[in-house]
Amino acid sequence: SFSSVGDDIGQIYVVDGDSLLLDVFSHPLLDWSYGGQLLQFFYQAECALQKCAHRGRIFKIVFFDCFGAIWKDESLQFCREMFIEHVKTETKIDVERFQSWESKAWKEFVDFT
């Protein structure tokens, strides 16, 4: 049977930060023609985080540094770094960074979580 991610409210789940940002960056209200709109970007990012936390769900956001290269535009790279720092300093959401999905630290994190 099919179940939605996060149906088990007591279960901690992991959100890939770059996938979350890809969704935010593609929002139709964001115009990247002139380097983006930071206020609109952060608003959309906060909305995405609220959706993840709906009904008290507990989650952690992970970023793999090897994926940072997919954001070729400097504005997108800047927003990615700003988002990581924003979540770390302005929310209670755990953010973890790993070199890659093959790193020892990631494997230990998965085994621990």
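Scroll up to find the structure this text is about.
Residues numbered from 1 in each chain as written. Predicted model: local features only at pLDDT ≥ 70, side-chain atom pairs only at ≥ 80, totals over all residues. Heavy atoms only, no water.

### Quick notes on helix H3 (residues 74–90)
Move 1: For H3, built from 17 residues, the straight-helix expectation of 24 Å at 1.5 Å per residue is met to within 8% by its first-to-last C-alpha distance of 23 Å.
Move 2: All of the buried residues in H3 are Leu76, Cys79, Arg80, Phe83, Ile84 and Val87. All buried residues of H3 lie within an arc of 135 degrees about the axis, which places them on one face of the element. When the buried face of H3 is taken as reference, the exposed residues oriented beyond 90 degrees from it are Glu74, Thr89 and Glu90.
Move 3: At its buried positions, H3 is contacted by helix H1 (17–25), helix H2 (38–52), strand S2 (58–64) and strand S3 (94–98). (Helix = DSSP H or I, 4+ residues; strand = E, 2+ residues; numbered from the N terminus. Expected span 1.5 Å × (residues − 1). Buried < 20%, exposed > 50% of the residue type's maximum accessible area, 1.4 Å probe, protein only. Arc of directions from axis to C-beta. Contact = heavy atoms within 4.5 Å.)

### Examining the sheet that holds strand S1 (residues 12–16)
Move 1: Ordered in space as S1-S2-S3, the 3 strands form an open sheet in which the pairing is parallel. This sheet does not close on itself; its edge strands, each paired only once, are S1 and S3. The sheet shows a mean angle of 30 degrees between the axes of neighbouring strands, direction not considered.
Move 2: Sheet contacts for H3: S2 and S3; angle to S3, the most-contacted strand, approximately 135 degrees. (Pairing = 2+ DSSP bridges. Axes fitted to C-alpha atoms, helices over the stretch in contact; angles between N-to-C directions.)

### Digging into the pattern of salt bridges
Move 1: Tallied over the full model, the rule gives 6 salt bridges.
Move 2: For the salt bridge of Arg80 with Asp18, the shortest nitrogen-to-oxygen distance reads 2.7 Å. Placement of Arg80 in helix H3 and of Asp18 in helix H1 is noted, with a sequence separation of 62 residues between them.
Move 3: For Asp94, the salt bridge identified is with Lys60, shortest N-O distance 3.9 Å. Here Asp94, found in strand S3, pairs with Lys60, found in strand S2; they are 34 residues apart in sequence, far enough to count as distant.
Move 4: Taking the relative accessible area as the measure of exposure, Asp94 reaches 38% and is therefore partly exposed. (Salt bridge = Lys/Arg side-chain N within 4 Å of Asp/Glu carboxyl O.)

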